[in-house]
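Architecture at a glance
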Amino acid sequence: MRRTRAALVAVAAGALVLTACSSGGGGGKGENNDAKQKQDKSKTQLQSQITFGDAAASTGPAEPIAGAEQGGTLHALERDSYTHLDPGQIYVSNEGQLATLIHRGLTTYKLDSKGNYTVVGDLATDSGAETDGGKTWTFKLKDGIKFQDGTPITATDIRWSVERLFAPFVTNGPQYLQQWLANTSGSDFRKLLPDGPYKGKHLPDSLLSTPDDKTIVFHFPNPEPDAPYLFAMPGYSVVDHAKDTKEKYDKAPVASGPYMIKSFDTGKAMTLVKNPNWDPKTDSARHQYVDTYDITFNHQAEDSTKRLMSDAGDNQTSLSFANAVDPDDTPTVVGTPSIYKRTVAGYQPFVGEINFNMNKIKDVNIRKALALAIPTKPVWQALGASYGAEYAGGFISPTLAGYQKADPLGKVAKPDGDPVAAKKLLTDAGKVGMKITYAYINTTAGQQYSLAIANTLTQAGFNVQRKELPSDTYYDLIGKVDNPYDIYASAWGADWPSTLTVIPPVMDGRTIADQAPNYSHVNDPHINSEIDRIKAITDPKEAADAWFQLNTYIVTKVIPGVPTVFYKQLQIFGSKVGGVVYNNVTSGIDLTKLYVKK
């Protein structure tokens, strides 16, 4: 949900735009234990291992939604427009959410009425057949799968969709599959097929073979036990090879899901209508109850929350796919039963961090002093206190399988920071008065929490110079390897419920490059070697334990930054919106189950 330019990071940054919560923290006005129970239940559901579904689990139609009705228009009040609609360019979470309605891939996630998640075959008949110790994965396509114009989806489309990811213009989507096939952890994967399929060249059958119209076989150089997860990413959805317009496809893609784009005025509005060639018998995860989605943009959280709280007129049939409840309104929302019953809550996979630029701050004791001093409570408050965040002790989210609660640096125990302990380290190092350039995002919340952090660092003995960065180019600026800043905030979330998609993207020193998500420029030999070792572990529990041991090493020995919070989300919807459930995998309301109440 954002990586090459860190897609999840974009959403996390957006969350920091929210105004600081007026209630001030846990236990304050409007505290609602039921809201916490909603979120804790969702966390527990993801911590259990997600199963890979067989043909029966992958066969449509989807489980009916109790009380669902056909027809009507739903209004979506979104803050951000969609920059990318081409599957290969999708990595930001709000675009991934939309993709569940318009795109399909080999696999997808199915959330049943009991709250269980399963990876199932989407275009494929099941979640994939594994042979050769996990190096070979075979997928068979379902009958009756078509694009919006009625053209059948074949193995040729799947091959094309994979091969075009190597083309130079595809720069924003995930890179796992390309790296797996090319057997590289960096950007050298493009050498495998520099122009994609556009000049008549293709990947060799030794890596990707399509022996007939229904069969796709991936031959990976190494075991890839997470392949069913990978192919469920929106960034690996199918593209119509006959209608691929390269860069232009990003604004006018051909749909394969239950809805297609009728109109899109960038930055203003989008209309989705039913795709007449989507067959529910081929889809075990999605529904097509709603006739039309009327999506409008530029609704800040304050606006969407107040409209939905009012529940008047069109607001009754409205929701926001991505906006959380505005923190200033959270006490009223959770404290008013008639409003609170129109909410859902859950965890997001994001972990916030204050990064330390290791190219500039080379002394681990200085980094430890920074980590001890930095208060995380201001960030927690900016995200809506206990309804929007939870204090983090490490870089691995509690939504991941095998999560282990730990606080090795005492950040959960002391969210106000420990400037006294930090100053002792700074004094021992002879660095009292050391200048620190702190780059922060220019939003109301960014100004507030950065000022609080700067004040505490000053108490610890640092000479802090805050540097304001514009919100629209913030990640471009901190994403430069030679950026001039010492510390700056970012956030990261798992692409699927495995730490494989957390530590390697942001901590592998071999991936350091402009706009790569290793924002701290970590390049530690032990981390690099452990990443390679753990990647080869095929037992999920053993791998999870190993990732958490590495996490402890990173937090306490390398200290490339300090974790701040785990992200949570509270969302509200109108009284005539039915089928609303929170989906932890897509980090928001599950769009595949919605209907309009008559």
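Quick note: structure is the one above.
Summarised in this report is the structure supplied together with it. The structure presented is a predicted model; accordingly, all values stated were derived computationally and were not measured. (Residues numbered from 1 in each chain as written. Predicted model: local features only at pLDDT ≥ 70, side-chain atom pairs only at ≥ 80, totals over all residues. Heavy atoms only, no water.)

Attention shifts here to the pairing of strand β8 (residues 215-219). β8 sits mainly inside the fold: four of its five residues count as buried. Of the strand pairs in this sheet, strand β6 (residues 136-140) and β8 are connected by five bridges, and their pairing is antiparallel. Looking at β8, one finds that T136 is bridged to H219. In this structure, strand β7 (residues 208-212) lies alongside β8, joined through three bridges in antiparallel fashion. Its bridge partner being in β8, L208 is matched across the sheet by F218. (Buried < 20%, exposed > 50% of the residue type's maximum accessible area, 1.4 Å probe, protein only. Helix = DSSP H or I, 4+ residues; strand = E, 2+ residues; numbered from the N terminus. Pairing = 2+ DSSP bridges.)

Most peptide bonds take the trans form, and the phi angle of most residues other than glycine is negative. Here the residue pair G60 and P61 is connected by a cis peptide bond, since its omega of 0° sits within 30 degrees of zero. For K246, which is not glycine, the phi torsion reads 55° and is therefore positive. With respect to the element layout, K246 can be found in the loop between α6 (227-230) and β9 (259-265). Phi at H521 is positive, roughly 60°, even though this residue is not glycine. Given a relative accessible area of 4%, H521 falls into the buried group.

What follows is about the sheet that holds strand β11 (residues 292-296). The strands making up a sheet are joined through hydrogen bonds of the backbone, oriented either antiparallel or parallel. Ordered in space as β9-β10-β11-β2-β12, the five strands form an open sheet in which the pairing is mixed. Every interior strand has two partners, whereas the edge strands, β9 and β12 (318-319), have only one. Two strands pair when backbone bridges link them, and strand β2 (residues 73-77) and β12 are joined in this way by two bridges, in the parallel orientation. Across the sheet, H75 pairs through a bridge with S318, a residue of β12.

The next subject is the nonpolar core. Of all hydrophobic cores here, the largest spans 124 residues; its most connected members are L177, F218 and F462. Each residue touching F218, except ones within four places of it in the same chain, is listed here: L106, K135, T136, W137, F139, V162, L177, L181, L207, L208 and F231. Y82, L101, F297 and Y582 belong to the second largest nonpolar core, which has 29 residues in total. (Core = buried A, V, L, I, M, F, W, Y, C linked by side-chain atoms within 4.5 Å. Contact = heavy atoms within 4.5 Å.)

Taken together, the buried positions of helix α16 (residues 525-535) are occupied by I527, N528, E530, I531 and I534. In a view along the axis of α16, the buried residues occupy a sector of 170°, so they form one face of it. Buried residues in α16 make contact with α15 (503-507) and α17 (540-558). Of the residues that open α16, the one with a side-chain oxygen 3.1 Å from the backbone nitrogen of H526 is D524. (Arc of directions from axis to C-beta. Polar contact = N/O pair within 3.5 Å; in protein donor to acceptor, adjacent residues only side chain to side chain.)

Moving on, we get to the side chain of D283. For D283, the location among the structural elements is in the loop between β10 (269-274) and β11. A polar contact is formed between the side chain of D283 and the backbone nitrogen of A285, at a distance of 3.0 Å.

For the pair helix α10 (residues 364-373) and helix α12 (residues 419-428), the least separation of the axes is 8 Å and the interaxial angle reads 165°. As judged from the angle between their axes, α10 and α12 are roughly antiparallel. As for how α10 packs across α12, the hand of that crossing is left-handed. Along the contact surface, α10 presents N365, I366, K368, A369, L372 and A373, while α12 presents P419, A421, A422, L425 and L426. (Axes fitted to C-alpha atoms, helices over the stretch in contact; angles between N-to-C directions. Parallel < 35°, antiparallel > 145°, perpendicular 65-115°, else oblique. Left-handed = near helix turned anticlockwise from the far one by under 90°.)

By themselves, these are just geometric observations and shouldn't be taken as functional.
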